[in-house]
Amino acid sequence: QVQLVESGGGLVQAGGSLRLSCAASGSMFGINTMAWYRQAPGKQRDLVASMTIPGNTKYADSVKGRFTISGDSAKNTVYLQMNSLKPEDTAVYYCNLLYRDALGNGRTSWGQGTQVTVSS
């Protein structure tokens, strides 16, 4: 079982920046993709950014040019640098990991979520 621990959320004014971190621990035999999703109240959970191994990235149109996903393979940690934040970025942000277990099966794991609130 893989555990994901997120940190870095909080309250920030519009135009400000935050950096989210997600540290993975547990038994993994290969990581396929690390990603960030977000869910605003009353809305579905949407993909914000993803990064495959060895490093192809994808972003939602709404965050392109403002958010950057990056990873530290030595620490099994993925980051989301969020700049020029807008009130509409307010949501709970979730880390997601796609990995292979000891049998080579594909698995997924979710973090507990971290709240990001952007005030106008």
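Report on the accompanying structure. (Residues numbered from 1 in each chain as written. Predicted model: local features only at pLDDT ≥ 70, side-chain atom pairs only at ≥ 80, totals over all residues. Heavy atoms only, no water.)

Concerning the sheet that holds strand S1 (residues 2-7)
Reasoning step 1: The four strands are arranged S1-S3-S8-S7 in an open sheet whose pairing can be described as antiparallel. What marks the edges here is a single partner per strand, and that holds for S1 and strand S7 (67-72). Strand after strand, the sheet turns through a mean of 15 degrees between neighbouring axes, direction not considered.
Reasoning step 2: The pairing of strand S3 (residues 18-26) with strand S8 (residues 77-82) spans six bridges and is classified as antiparallel. When the sheet's bridge partners are listed, leucine 20 is paired in S8 with leucine 80. (Pairing = 2+ DSSP bridges. Helix = DSSP H or I, 4+ residues; strand = E, 2+ residues; numbered from the N terminus. Axes fitted to C-alpha atoms, helices over the stretch in contact; angles between N-to-C directions.)

A short note on the state of the cysteines
Reasoning step 1: Counted according to the given criterion, the structure contains one disulfide.
Reasoning step 2: Each sulfur of the disulfide joining cysteine 22 and cysteine 95 lies 2.1 Å from the other. Of note, the bridge from cysteine 22 to cysteine 95 carries an S-S torsion of about -85 degrees and is left-handed in sense. Within this pair, whereas cysteine 22 is found in strand S3, its partner cysteine 95 is found in strand S9 (residues 91-100), the two being separated by 73 residues in sequence. With respect to burial, cysteine 22 and cysteine 95 carry one shared label: buried. (Disulfide = S-S within 2.5 Å. Buried < 20%, exposed > 50% of the residue type's maximum accessible area, 1.4 Å probe, protein only.)

Digging into the nonpolar core
Reasoning step 1: If you look at the biggest cluster of nonpolar residues, it comprises 29 residues, and the most contacted ones within it are Trp36, Leu80, Met82, Tyr93 and Leu97.
Reasoning step 2: Among the secondary structure elements, those contributing two or more residues to this core are S1, S3, strand S4 (31-39), strand S5 (46-52), S7, S8, S9 and strand S11 (114-119).
Reasoning step 3: Looking at this core element by element, the count peaks at five residues for S9.
Reasoning step 4: The contact partners of leucine 97, leaving out residues within four places of it in the chain, are Val2, Leu4, Ala24, Met28, Ile31, Thr33, Met34, Arg107, Thr108 and Ser109. (Core = buried A, V, L, I, M, F, W, Y, C linked by side-chain atoms within 4.5 Å. Contact = heavy atoms within 4.5 Å.)

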